[in-house]
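So you can see what is in the structure, the chains are spelled out below.
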Amino acid sequence: MKHPDEHWMAQALTLAEQAAGQGEVPVGAILVLDDVWIGSGWNQPIGRHDPSAHAEVMALRDAGERLGNYRLAQAVLYVTLEPCLMCVGALVHARIARVVYAAPDPKSGAVDSCCRGFESPGLNHHVEATAGVMADECGELLRRFFRARRG
């Protein structure tokens, strides 16, 4: 039986594949509360003409609407790529308990790669982070997507 982190990351990977099918950078995200799915999203900035339509933000919006609350305390976000600084800020404001991400993002990852956004001084909420769950599978999807784009 799969570890719960792998189970939910596999679901996020399916959403990342959906993003790729729409010509978006393949990133998917699932929000879980008490081991129950509460929201999901995939990258959609191109199609929505919205620079904030990252997978993480779309999942936060989905869960907030479903639960009728923008505070998602105790929820866990599973995302196929390390969140950027914008998404780290949104996750802090939503009071997410934990973020589990697959592949690192050496260009704009703001959990571990480029900066440690969750550790910024003055934040009034701490988010726990776990890196590397299904990193190979999620990273390979990103590599295939960008290889195909470059021709």
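Please refer to the structure placed before this passage.
A brief look at the structure comes next. (Residues numbered from 1 in each chain as written. Predicted model: local features only at pLDDT ≥ 70, side-chain atom pairs only at ≥ 80, totals over all residues. Heavy atoms only, no water.)

**Some remarks on the overall build of the chain**
So, step 1. The number of helices and strands found in the chain is 5 helices and 5 strands.
So, step 2. Overall, the chain shows an N-to-C arrangement of helices and strands of α-β-β-α-α-β-α-β-β-α.
So, step 3. In terms of overall size, the chain behaves like a compact globule, its C-alpha atoms giving a radius of gyration of 14 Å where 151 residues would be expected to give roughly 15 Å.
So, step 4. Dimensions of the chain along its principal axes, counting C-alpha atoms only, are 45 × 35 × 30 Å.
So, step 5. Of all 151 residues assigned to the chain, the portion counted as buried reaches 50%.
So, step 6. Sequence-distant contacts, at least 24 apart, represent 56% of the contacts inside the chain between residues at least 6 apart.
So, step 7. Total accessible area computed for the chain in this model is approximately 7700 Å², and 53% of it derives from carbon and sulfur atoms.
So, step 8. Of the charged side chains in the chain, 14 are positive and 18 negative, and the gap between their average positions amounts to 5 Å. (Helix = DSSP H or I, 4+ residues; strand = E, 2+ residues; numbered from the N terminus. Rg over C-alpha atoms; globule rule 2.2 N^0.38 Å. Buried < 20%, exposed > 50% of the residue type's maximum accessible area, 1.4 Å probe, protein only. Contact = heavy atoms within 4.5 Å. Areas by Shrake-Rupley, 256 points an atom, 1.4 Å probe, with all protein chains shown as cover. Lys, Arg positive; Asp, Glu negative; His and termini not counted. Charge placed at Lys NZ, Arg CZ, Asp CG, Glu CD.)

**Side note on the packing of aromatic side chains**
So, step 1. Enumeration over the complete set of coordinates arrives at 1 aromatic pair.
So, step 2. Between Phe145 and Phe146 the ring centres are 5.2 Å apart and the planes differ by 80°, which places this aromatic pair in the edge-to-face class.
So, step 3. Assessed through its relative accessible area of 11%, Phe145 is described here as buried. (Phe/Tyr/Trp six-rings, centres within 6.5 Å; stacked < 30°, edge-to-face > 60°.)

**As for helix H5 (residues 135-150)**
So, step 1. For H5, with 16 residues, the first-to-last C-alpha span of 22 Å sits near the 22 Å given by 1.5 Å per residue.
So, step 2. Every buried residue belonging to H5 is among Cys138, Gly139, Leu141, Leu142 and Phe145, and all of these are buried. Projected down its long axis, H5 shows its buried positions confined to an angular sector of 155°, all on one face. Of the exposed residues in H5, the ones pointing more than 90 degrees away from its buried face are Asp136, Ala148 and Arg150. (Expected span 1.5 Å × (residues − 1). Arc of directions from axis to C-beta.)

**Some details on the pairing of strand S4 (residues 98-103)**
So, step 1. Counting buried positions along S4 gives 6 out of 6 residues, so the element sits mostly inside the fold.
So, step 2. Here strand S3 (residues 76-81) runs beside S4; their pairing, made up of 5 bridges, is parallel. Note on S4: the bridge partner recorded for Val79 is Tyr101.
So, step 3. With 4 bridges joining them, S4 and strand S5 (residues 128-131) adopt parallel strand pairing. (Pairing = 2+ DSSP bridges.)

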